[in-house]
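Chains, contacts and geometry: an overview
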Amino acid sequence: MKILVINGGSSSLKYQLYDMTGGDVLCKGVCERIGIADGILTHRIGDAKYPYKQDMKDHTEAIALVFKALTAPADNGGVLKSLDEIDAIGHRVLHGGDKFTQSIIVTPEVEKVIEDCFPLGPLHNPANLAGIRACKKLMPNVPQIAVFDTAFHQTMPEVAYTYAIPREYYDKYGVKIRRYGFHGSSHRYVSAKAAEFLGREGDPNFRVVVAHLGNGSSFSACKGGECQDTSMGLTPLEGIPMGTRSGSIDPAILQFIINRENMDVGTMVDKVLNKQSGVLGISGVSSDFRDLESAAADGNKDAQLALDIFCYAGKKLIAGYVAALGGADAIVFTAGVGENGPDTRAAMCEGLEFMGVKLDPDENAKRGGERVISAPDSKIKVLVIPTDEELVIATDTMKLAKK
Ligand code: ADP
């Protein structure tokens with residue numbers, strides 16, 4: 001069974017084609033600068049790259065170009081003789097509001113909910129829906145499946161998802177003003193893998209804190225495979241400071257800066273807090289953790305401060321979530337920084353010895369796949385588990401398409 005996975009952003013679109021028989025990735029690629037001049041699609045098979053320099057007016061044109069790359073002659077990176085070989089298409093969708101607790105086959109009703117959630121994901125949801133509609137238009141007989149970033153977190157109890165603002169605003173606008181959480185496919189995959197890795201699969205008492213640390217970062221507290229709390233909120237802006245997002249700040253700061261800079265709220269939230277803040281804003285160096293680490297090693301104090309603030313915020317979240325769960329069996333690090341940043345992992349665990357977290361520095365320094373990095377006598381096991389959001393999407397898509 002061949003499954004195409006599509007992950008659409010506002011001006012980019014990533015794809016991966018899976019052969020689910022062996023779970024192999026046949027090819028992958030990314031379309032960049034959609035709707036902007038100098039568009040480019042970079043198609044890849046392993047390390048081989050096949051660039052297509054072509055403007056893409058919108059997501060329909062981008063998908064058409066992806067299909068062209070997939071069906072190109074084999075010596076030019078093509079992997080399919082015909083599009084008929086694709087059995088189903090799985091779409092990553094940012095926001096499903098409180099309507100979807102799991103992945104679902106796209107129907108007109110599902111499209112309507114994705115549209116209703118545009119205000120909650122103004123950059124992503126329109127792009128996700130455009131991708132779905134483009135695929136439907138070009139391949140009307142192939143099932144389209146929506147996999148929501150928010151779905152896994154829908155098991156959170158009211159006490160975790162309710163904001164302390166007047167109740168009247170909660171349910172006034174069609175979409176509820178509450179915590180939803182994101183990176184759901186990653187938290188689901190990694191928390192399940194941790195249970196499996198420690199021989200606790202299906203155990204309703206297995207408690208794990210997941211630290212997904214990438215360009216965007218989020219934490220979750222899960223028990224028995226269900227999410228109990230997570231750090232991102234109504235939108236991905238809440239939580240710890242990220243590459244370019246501020247994370248949680250005192251909302252009165254908005255009012256203060258907006259008044260003095262004569263700025264509108266949209267600019268403040270979309271541009272300043274989402275794109276110019278976080279570790280980039282603090283350091284003035286970069287949003288990329290490798291750049292920050294090398295600048296800090298060269299003596300840049302602001303880069304070091306950005307890293308310190310990131311780790312300090314992460315440590316507080318981990319400890320808070322262990323408390324929320326009444327103790328934990330495991331803490332798992334995942335995504336770009338979580339998988340590859342031993343210094344970040346060490347800094348986030350430092351000081352948590354009081355609750356039974358003890359890293360093994362040698363294991364923490366090693367590279368590799370799924371592994372334990374805590375000392376044998378650590379009460380809470382600390383693991384690194386590489387995430388694979390695309391595989392989650394492909395697997396859900398296969399299951400639903402088979403139905
Ligand atoms: P995204 O949220 O875009 O999926 P990723 O999960 O790919 O992000 O994470 C990207 C981040 O991971 C970047 O800040 C990058 O610097 C960081 N990263 C990747 N490799 C390393 C490494 N070896 N050491 C430290 N950070 C790393």
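Check the entry above for the structure.
So, a few notes on the structure that sits alongside this text. (Residues numbered from 1 in each chain as written. Predicted model: local features only at pLDDT ≥ 70, side-chain atom pairs only at ≥ 80, totals over all residues. Heavy atoms only, no water.)

This part takes up the packing of helix α9 (residues 289–297) against helix α10 (residues 301–324). Between α9 and α10, the least distance of the axes is 8 Å, while the angle of their chain directions is 125 degrees. By the angle class used here, α9 and α10 are oblique. In the packing of α9 onto α10, the handedness of the crossing is left-handed. Residue-level contacts link Phe289, Leu292, Glu293, Ala295 and Ala296 of α9 to Ala303, Gln304, Leu307 and Phe310 of α10. Its residues assigned to classes, the contact of α9 with α10 comprises seven nonpolar, one polar and one charged. (Axes fitted to C-alpha atoms, helices over the stretch in contact; angles between N-to-C directions. Helix = DSSP H or I, 4+ residues; strand = E, 2+ residues; numbered from the N terminus. Parallel < 35°, antiparallel > 145°, perpendicular 65-115°, else oblique. Left-handed = near helix turned anticlockwise from the far one by under 90°. Contact = heavy atoms within 4.5 Å. Nonpolar A, V, L, I, M, F, W, Y, C, P; charged D, E, K, R; others polar.)

Moving on, we come to the side chain of Ser374. By the secondary structure assignment, Ser374 is in the loop between β13 (371–372) and β14 (381–384). A distance of 3.0 Å separates a polar side-chain atom of Ser374 from the backbone nitrogen of Val382. Sequence-distant contacts of Ser374, that is, excluding residues within four places in its chain, are made with Lys358, Leu359, Asp360, Ile380, Lys381 and Val382. (Polar contact = N/O pair within 3.5 Å; in protein donor to acceptor, adjacent residues only side chain to side chain.)

Glancing now at the layout of surface pockets. When its volume is computed, the second largest pocket comes out at roughly 400 Å³. If you trace the second largest pocket, you find 18 residues lining it, with Thr101, Gln102, Ser103, Arg188 and Asp396 closest to the centre. Those elements that provide at least two residues to the lining of the second largest pocket are β8 (144–148), α5 (184–197) and α14 (389–402). When its residues are assigned to classes, the lining of the second largest pocket shows five nonpolar, eight polar and five charged. (1 Å grid on protein atoms, 1.4 Å probe; cavity = no way out; pocket = protein on both sides within 12 Å on 5 of 7 lines; lining within 4 Å. Points joined across faces, edges and corners; volume = space filled by probe spheres on them.)

A separate point is helix α1 (residues 59–70). Here α1 spans 16 Å end to end across twelve residues, near enough to the 16 Å set by a 1.5 Å rise per residue. Of all the residues in α1, the buried ones are His59, Ala62, Ile63, Leu65, Val66, Phe67, Ala69 and Leu70. Among the residues of α1, the N-terminal cap falls to Asp58, whose side-chain oxygen and the backbone nitrogen of Thr60 are separated by 3.2 Å. (Expected span 1.5 Å × (residues − 1). Buried < 20%, exposed > 50% of the residue type's maximum accessible area, 1.4 Å probe, protein only.)

With that out of the way, let us pick up the site of the ligand. Around the ligand, the neighbouring residues are Gly214, Asn215, Gly216, Asp288, Phe289, Arg290, Glu293, Ala335, Gly336, Val337, Asn340 and Arg367. Within the contact set of the ligand, an oxygen atom lies 3.4 Å away from a backbone nitrogen or oxygen of Val337. When the ligand is considered free in solution it has 580 Å² of accessible area, and contact with the protein chains removes 73% of it. Element by element, the count of residues in the shell around the ligand is highest for helix α11 (residues 335–340), at four residues. Residues belonging to the shell around the ligand are distributed by class as follows: three nonpolar, five polar and four charged. (Near = heavy atom within 4 Å. Areas by Shrake-Rupley, 256 points an atom, 1.4 Å probe, with all protein chains shown as cover.)

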